[in-house]
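These are the residues of each chain, in order.
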Amino acid sequence: MSRFASLAVCCVAVAAMGLIVSETAPLSLSIGGFNIILTLAVVAIGIQWLAFIPAVLKRTEVFYDIVGTGTFAVLASLAWTVAALESMTDLRRTVLVALVLIWAVRLGVYLGRRIHAVGKDGRFDAIKQNTAQFFMTWTLQGLWTFLTLLPVLLIVTDKRSGPSLTWVDFVGWALWGVGMSVEVIADWQKNQFRVRGDNQNKWIDEGLWSISQHPNYFGEILLWSGLFVSGLHMYSGATWLSILSPIFVYILLTRMSGIPMLRERAQARWGSDPAYDAYLKRTRRLLPLPKKTPSLVGKHE
């Protein structure tokens, strides 16, 4: 991607955040004359741009994921703090923020340990050598954190008092619980597979990974969809922009930086192996359910 195209993507990302803020800010709390949704958007992108400075100077991505998950925790905590200062906290807002913090800490620790053990993230091998593209990835991470968190941020900072808890809240939280469990189990199974024997250069075809090529991504999509669902009875007007959260997460993981990049790397390593081809044919790409076709027995590779 050219320098111009990379910077154009950055401008589009920032403009998208600005448009969302302009539509949702009137419904959100303000403190000290500052609208909190606008402030949170600035914080989301500002953290990434500040972190980009040492990252580009050292040409390293080792703290990219940690900064990303940390930004989720910062934004959720700031939103709840402002609500508390305005005496607008309730069980719904507290639970939503707690779920985000649980997810952020768990994933941040997992990714931090992984990058510490491996030393680098192969996705950035070429990107980090191109300053404009590297800057684009940090900018897009700001968009990712803000858009993904949008339902939570809009509910927590809503200046209107929400209704009492209903079954909709619990359905959404239950979906979050299922998604979180799938993601944690999938990550644990993959980690156990990697540290066992000589599996470092093999693909995993056991546990959840035997019925889904990307069960961790399925869990990720489901848990954020659950948080969106939990607010279905509260959205009105511009707050329906919250639907961008599950849509964006799905597109990001299935069409952009998730599955496509992993599939390209996997094809380069195992594309010529018939056993790997058999694994792809018998295993769903995302949904962790067995296919109806007869199971083919293939080795790990």
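Above this note sits the structure.
Moving on: empty space enclosed by the protein. One water molecule sets the probe size; rolling that probe over the atoms shows where empty space is left. In total, this model carries 2 cavities of 30 Å³ or more according to the counting rule given. Looking at the largest cavity, its volume works out to about 40 Å³. Every residue along the wall of the largest cavity is listed here: Glu 61, Val 62, Tyr 64, Asp 65, Ile 66, Leu 111, Gly 112, Ile 115, Asp 121, Arg 123 and Phe 124. Elements represented by at least two residues in the lining of the largest cavity include exactly helix H3 (64–85) and helix H4 (91–118). Split by residue class, the lining of the largest cavity holds 6 nonpolar, 1 polar and 4 charged. Classifying every residue of the lining of the second largest cavity gives 4 nonpolar, 1 polar and 2 charged.

Over its 23 residues, helix H2 (residues 36–58) runs 33 Å from end to end, which matches the ideal 33 Å to within 8%, given 1.5 Å per residue. If you check which residues of H2 are buried, you get Ile 36, Ile 37, Leu 40, Ala 41, Ala 44, Ile 45, Gln 48, Ala 51, Phe 52, Ala 55 and Val 56. Packing partners of the buried residues in H2 comprise helix H1 (3–24), strand E1 (30–31), strand E2 (34–35), H3 and helix H5 (131–156). Where H2 begins, the side chain of Asn 35 points an oxygen toward the backbone nitrogen of Ile 37, at a separation of 3.1 Å.

Here the focus is the packing of aromatic side chains. Following the criterion strictly, the structure yields 18 aromatic pairs and no others. When the ring of Phe 72 is compared with that of Trp 144, the centres are 4.8 Å apart and the planes differ by 70 degrees; the resulting orientation is edge-to-face. Of this pair, Phe 72 sits in helix H3 while Trp 144 sits in helix H5, placing them 72 residues apart in sequence. Overall, Phe 72 belongs to the buried group, its relative accessible area being 0%. Take Trp 144: its relative accessible area is 16%, and that puts it in the buried class. Both rings, one in Phe 170 and one in Trp 173, keep their centres 5.4 Å apart while their planes meet at 75 degrees; by these two values the pair is edge-to-face. Of this pair, Phe 170 and Trp 173 both sit in helix H6 (residues 167–194), 3 residues apart, which is roughly one turn of the helix. Since its relative accessible area comes to 48%, Phe 170 is described here as partly exposed. Three or more aromatic residues joined by ring pairs make a cluster, and in this case those are Trp 49, Phe 52, Phe 63, Tyr 64, Phe 134, Phe 135 and Trp 138.

About the criteria used
Residues numbered from 1 in each chain as written. Predicted model: local features only at pLDDT ≥ 70, side-chain atom pairs only at ≥ 80, totals over all residues. Heavy atoms only, no water. 1 Å grid on protein atoms, 1.4 Å probe; cavity = no way out; pocket = protein on both sides within 12 Å on 5 of 7 lines; lining within 4 Å. Points joined across faces, edges and corners; volume = space filled by probe spheres on them. Helix = DSSP H or I, 4+ residues; strand = E, 2+ residues; numbered from the N terminus. Nonpolar A, V, L, I, M, F, W, Y, C, P; charged D, E, K, R; others polar. Expected span 1.5 Å × (residues − 1). Buried < 20%, exposed > 50% of the residue type's maximum accessible area, 1.4 Å probe, protein only. Contact = heavy atoms within 4.5 Å. Polar contact = N/O pair within 3.5 Å; in protein donor to acceptor, adjacent residues only side chain to side chain. Phe/Tyr/Trp six-rings, centres within 6.5 Å; stacked < 30°, edge-to-face > 60°.

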